[in-house]
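Coordinate inspection notes
This is what each chain is made of:
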Amino acid sequence: MISGLRRIFSNGWLLLACRLFLGTLFLYAGISKAGDPEEFIRSVRVYNILPDFITPAFAVGILWIEIYCGALLIAGLFTESAALVIDGMLVVFIIAISINIARGNVMECGCFDFFGLKETIGPGILVRDIVFLAQGALLLYFGPGKYSVGELRGRGGAGAA
Amino acid sequence: MTFNGKPIMRVGFFAALICIAGGLTGIGTNFGLVFNYEAIAAAKEDQARTEKTFMINLEQSKALFDSGKAIFVDARDPAECDAGHIKGAINLPWEEFGMKYPEVSKALPMDSLLVTYCAGADCEMSVNLGRKLRSIGYKDVRVFEGGWQLWVKAGYPVEKKK
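Every chain is numbered on its own, with residues counted from 1 as its sequence reads. By the order in which they are written, chains take letters starting at A while ligands take numbers starting at 1. The predicted nature of this model means local features are confined to residues of pLDDT at least 70 and side-chain atom pairs, given and counted, to a pLDDT of 80 or more, with totals for whole chains, interfaces and linings taken over all residues. Excluding hydrogens and water, the side-chain values take into account all heavy atoms of the structure.

**Notes on the interface of chain B and chain A**
Rules: Residue contacts are defined here by distance: any two heavy atoms, one from each residue, within 4.5 Å place the two residues in contact. Note on definitions: buried area is the accessible-area loss of two parts on being combined, 1.4 Å probe, summed for both. Each salt bridge in this description consists of a side-chain nitrogen of Lys or Arg and a carboxyl oxygen of Asp or Glu lying within 4 Å of one another. Here a polar contact means two N or O atoms within 3.5 Å. Within protein one must be a hydrogen donor candidate and the other an acceptor candidate, and residues neighboring in sequence count only if both atoms are side-chain atoms. A run of H or I in DSSP becomes a helix once it reaches four residues, and a run of E becomes a strand once it reaches two; helices and strands are each numbered from the N terminus. Each residue is assigned to one of three groups, with Ala, Val, Leu, Ile, Met, Phe, Trp, Tyr, Cys and Pro labelled nonpolar, Asp, Glu, Lys and Arg labelled charged, and all others, Gly among them, labelled polar.
On the chain A side, the residues contacting the 24 residues of chain B number 30 residues. Interface area, chain B with chain A, both sides summed: about 2,300 Å², of which 72% is carbon and sulfur. Applying the counting rule to chain B against chain A returns three salt bridges. The interface formed by chain B and chain A includes seven residue pairs in polar contact (both at pLDDT 80 or more). When contributions to the side of chain B that touches chain A are tallied by element, the ones reaching two or more residues are α1 (8–29), α2 (31–35) and α3 (37–54) of chain B. In terms of residue count, α1(B) provides more of the side of chain B that touches chain A than any other element does, 14 residues in total. A per-class count over the side of chain B that touches chain A returns 12 nonpolar, eight polar and four charged.

**Observations concerning a nonpolar patch on the surface**
Residue and element names in this part refer to chain A. The line we're drawing: Each patch is built from salt-bridge-free residues with over 30% relative accessible area, joining like charges within 9 Å and nonpolar side chains (Val, Leu, Ile, Met, Phe, Trp, Tyr) within 5 Å. In short, Shrake-Rupley with a 1.4 Å probe defines the accessible areas, and a residue's cover is counted only from the protein chains shown. Any residue under 20% of the maximum accessible area for its type is buried, any over 50% is exposed, and the rest in between are partly exposed; the area is computed with a 1.4 Å probe on protein chains only.
Nonpolar side chains collect at one region of the surface, where I49, L50, F53, I54, F58, V91, V92, I95 and I99 lie side by side and expose about 740 Å² of accessible area between them. Top contributing element to the nonpolar patch by residue count: helix α5 (residues 79–102), with four residues. Mapped onto the fold, V91 is located in helix α5. For V91, a relative accessible area of 39% puts it in the partly exposed group.

**Considering the sheet that holds strand β3 (residues 55–56) of chain B**
Residue and element names in this part refer to chain B. In plain terms, the rule: Strands qualify as paired when DSSP identifies two bridges or more between them. Axis definition: a line fit to C-alpha positions, over the contact stretch in the case of helices; interaxial angles, taken between N-to-C directions, run 0 to 180 degrees.
Here five strands make up an open sheet; going across it, the order is β3-β8-β7-β4-β6 and the pairing parallel. Every interior strand has two partners, whereas the edge strands, β3 and β6 (90–91), have only one. The pairing of β3 with strand β8 (residues 140–144) spans two bridges and is parallel. Looking at β8, one finds that I56 is bridged to F144. Sitting on the sheet, helix α8 (residues 147–154) is in contact with β4 (70–74), β7 (113–117) and β8, with an inclination near 70° to β8.

So, in structure tokens, the structure goes:
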């Protein structure tokens, strides 16, 4: 049973699909936020979790980390490290969203505001983030799968799988 | 413990590098925004509030006219203004702003509420004049969108140059 599941989750094509999906999602999310960092700082502020003076540095840092992680995942370079960072961010997002749902706040998510889509936080967003978290965990545990730069380089080392 | 056969310390090390690189790039490319966010956000909010009240309609203009608190400023050229203007309005033609402003500045105290207007909703002179007056220090400037055309049509008080 466990070895069967392991065989399914370690499938190179599945890992490639997860890598490209998460990579594209985070790269695009980061780039779209980088176009209007002020708006993203405002979105982070609304969560009312971090002290105000830290929020701008945190927000602009996060959006560039998203860009780097997305690009690394798409390339399949330092995949495990990028997946670890993405999972770390997702855990932080899940906690922040949960706290605000518990507070009864109805507010914009500020997560993936693609094409002008304004999402409101709720259980659906939490489930979605958990699905992303699981995909990140697969990449962290099983590596980049097929067609990664790391594989082409044929080298060992931390991320260059 | 390993991730995909790689030591956790090495995976963690590169993860930390990604975070540091992202953080430094973010702060480096948005330095001014990060360290002056409060001031920038406050200025934007202020501007948005001002913009919201910048353009006013016929009813709002009439209310300000009746209150006697506003000074109406006609942005059209002198010939048009002389032929007929809102009662009590001061002529400050947008086209001749630099030359005419010194002449009328005494009648336009900095702390007064100004309402600019021109021929109608299509003319831009009242908006340009409004922005110009704000830029030189007038705190409260509004633009009457409908302008002279709408005012006359409504039958509100007008006068001609004697």
